[in-house]
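# Descriptive analysis of the structure
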Amino acid sequence: PFVEYGMDQRRHDRENDAAGVARNSDGSTIKVGSEFELSRQLVGEASIGFLERRYADDTFPTIRAPLVDAKLTYYATPLTTWKIYAKTSVNESILSGVAGALSQDYGVQIDHAFRRWLIGTVTLGYGTDNYEGSDRTDDRFLIAASMIYKLTREVHLKAEARREWLKSTVEGWDYTSNIFTLGLRLQR
């Protein structure tokens, strides 16, 4: 079991944005939870708590919300791992009159090692963004497939294909995006 308290500050390069709004903010979270091992193959962590974000500009309301964070990992075989997660956060917003977005994210990820040096991953995700100070709500969906090729212990190549959708309650903000990335990771 654990109790966790966190504080953060978000500071922008400019005191006020183009509309004259001060978007700096201070946040805090408190949560209680537990790490657990249900069996050698099933481990996880779950916590509940409360988050708060206070904005420098008095026109923005303080965002307060319950938070739920959880992750569950199932080691199906020595080569295959399933992960399920849920996360609550407050994200920045650039929308006029909107302080921030309360986000809830959920997902499933499957990792499989074809060889010790070749790992494939498939991810499915869903999330919501509720914009505080607005009637706008966005639903986000994603599906991604990636491959990691370990050239050495220190040098890895990664390729990913990802498709994202956003459905908004505001007309004209929906989109579909196809993203392809190729990366090189150096680690010691």
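Residues numbered from 1 in each chain as written. Predicted model: local features only at pLDDT ≥ 70, side-chain atom pairs only at ≥ 80, totals over all residues. Heavy atoms only, no water.

## So, the nonpolar core
Core analysis: the largest hydrophobic core is formed by 10 residues, namely Val21, Leu51, Tyr55, Phe60, Ile63, Ala65, Leu67, Val90, Ala99 and Leu102. At the level of secondary structure, the elements contributing two or more residues to this core comprise strand 3 (42–55) and strand 4 (63–75). The element best represented in this core is strand 4, accounting for three residues. If sequence neighbours within four positions are ignored, Leu67 has contacts with Thr29, Ile30, Lys31, Ser47, Ile48, Gly49, Phe50, Leu51 and Thr88. (Core = buried A, V, L, I, M, F, W, Y, C linked by side-chain atoms within 4.5 Å. Buried < 20%, exposed > 50% of the residue type's maximum accessible area, 1.4 Å probe, protein only. Helix = DSSP H or I, 4+ residues; strand = E, 2+ residues; numbered from the N terminus. Contact = heavy atoms within 4.5 Å.)

## Looking at the pattern of salt bridges
In a structure, side chains of opposite charge can pair up when their charged atoms sit close to one another. One pass over the full model with this rule turns up 14 salt bridges. Across the pair Glu52 and Arg54 runs a salt bridge, and its minimum N-O distance is 2.6 Å. Residue class for Arg54 comes out partly exposed when judged on its relative accessible area of 32%. In this structure, the salt-bridge partner of Glu52 is Arg64, at a minimum N-O distance of 2.7 Å. Taken together, the residues Glu52 in strand 3 and Arg64 in strand 4 connect sequence positions 12 residues apart. (Salt bridge = Lys/Arg side-chain N within 4 Å of Asp/Glu carboxyl O.)

## So, the packing of aromatic side chains
A full pass over the atoms with the stated rule returns four aromatic pairs. The interplanar angle of 80° and the centroid separation of 5.6 Å between the aromatic rings of Tyr55 and Phe60 together place this pair among those described as edge-to-face. For the residue pair Tyr55 and Phe60, the accessibility class agrees, reading buried in each case. Taking the centre distance of 5.5 Å and the plane angle of 85° together, the rings of Trp117 and Tyr149 count as edge-to-face. (Phe/Tyr/Trp six-rings, centres within 6.5 Å; stacked < 30°, edge-to-face > 60°.)

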